[in-house]
Amino acid sequence: MKLKNILILLNLVFFSGVYSQKIEMNEQTKKNEMNIEKSITIGKSELFDKISEWLPSYYTSASSTLKFSDKTKGKIIYIGTWELRERNIMGTLFYTMTFNIVDNKYTCNITNFYSEYTVKSGSIGQQRAQKVYFEDKLVGKKKLFENTETNILKAFEELDNYIKN
């Protein structure tokens, strides 16, 4: 029992932080965003390296790309993606993650949500490609937001596990 309590305490000490669990409209920019902030008990350099290693191992699609990386400034900008598959819709959801790493803490501002997808319709399978931003009027927007939030939070849980190991 003591070992279990020690492990729980270590986990709380090692990973204290807060997730913003919703995509919300930024009133200044009029863009949807999600913010994550996390305090870790490792230093800036090691934290930067861990995040830099994890991003391409988690986001394996060719559409996911590193846009900027500066260890001195503690800044990483990465385009994350996940595949959309639902009934007659197939495509990719894109978002920009901007990591700022200071001391033993990182913040990640997630913005520029949009999807590129193809809709198949009709008996002969007509297709039309679309690019849609989260700020646009969308059918099924609530479900899309919920799925995106869930996928992003899952990704950051994986990042936490990667940093631990």
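The rules behind these values
Residues numbered from 1 in each chain as written. Predicted model: local features only at pLDDT ≥ 70, side-chain atom pairs only at ≥ 80, totals over all residues. Heavy atoms only, no water. Phe/Tyr/Trp six-rings, centres within 6.5 Å; stacked < 30°, edge-to-face > 60°. Helix = DSSP H or I, 4+ residues; strand = E, 2+ residues; numbered from the N terminus. Buried < 20%, exposed > 50% of the residue type's maximum accessible area, 1.4 Å probe, protein only. Lys NZ or Arg CZ within 6 Å of the ring centre and 35° of its normal. Contact = heavy atoms within 4.5 Å. Salt bridge = Lys/Arg side-chain N within 4 Å of Asp/Glu carboxyl O.

Right, let's talk about the packing of aromatic side chains for a bit. Aromatic ring pairs: the centre-centre distance and the angle between the two ring planes describe each pair. Here the structure, examined in full by the defined rule, presents 12 aromatic pairs. For the ring pair Tyr59 and Tyr95, a centre distance of 6.2 Å and an interplane angle of 80 degrees mean the geometry is edge-to-face. Of the two residues, Tyr59 is situated in the loop between α2 (44-58) and β4 (65-70) and Tyr95 in strand β6 (residues 89-102); the sequence distance between them amounts to 36 residues. This pair shows no difference in class: Tyr59 is buried, exactly as Tyr95 is. Lys31 extends its terminal NZ or CZ atom over the ring of Tyr133, reaching a point 6.0 Å from the ring centre. The ring of Tyr162 carries the charged tip of Lys50 above its face, separated from the ring centre by 5.4 Å.

Attention now moves to the side chain of Thr81. The residue Thr81 is located in strand β5 (residues 75-86) in this model. Excluding residues within four positions of it along the chain, Thr81 makes contact with Tyr59, Ser61, Ser63, Ser64, Thr92, Leu93 and Phe94.

Turning to the pattern of salt bridges, a few remarks are in order. What the rule picks out here adds up to 6 salt bridges. With a closest N to O distance of 3.5 Å, Asp160 and Lys38 form a salt bridge. Residue Asp160 is located in helix α3 (residues 141-164), and its partner Lys38 is located in strand β3 (residues 31-40); the two are separated by 122 residues in the primary sequence. The pair Asp160 / Lys38 is uniform in exposure class, with both members buried. Across the salt bridge formed by Lys71 and Asp49, the nearest N and O atoms sit 2.8 Å from each other. Linking Lys71 in the loop between β4 and β5 with Asp49 in helix α2, this pair joins segments that are 22 residues apart in sequence. Asp49 gets classed as partly exposed once you look at its relative accessible area, which sits at 29%.

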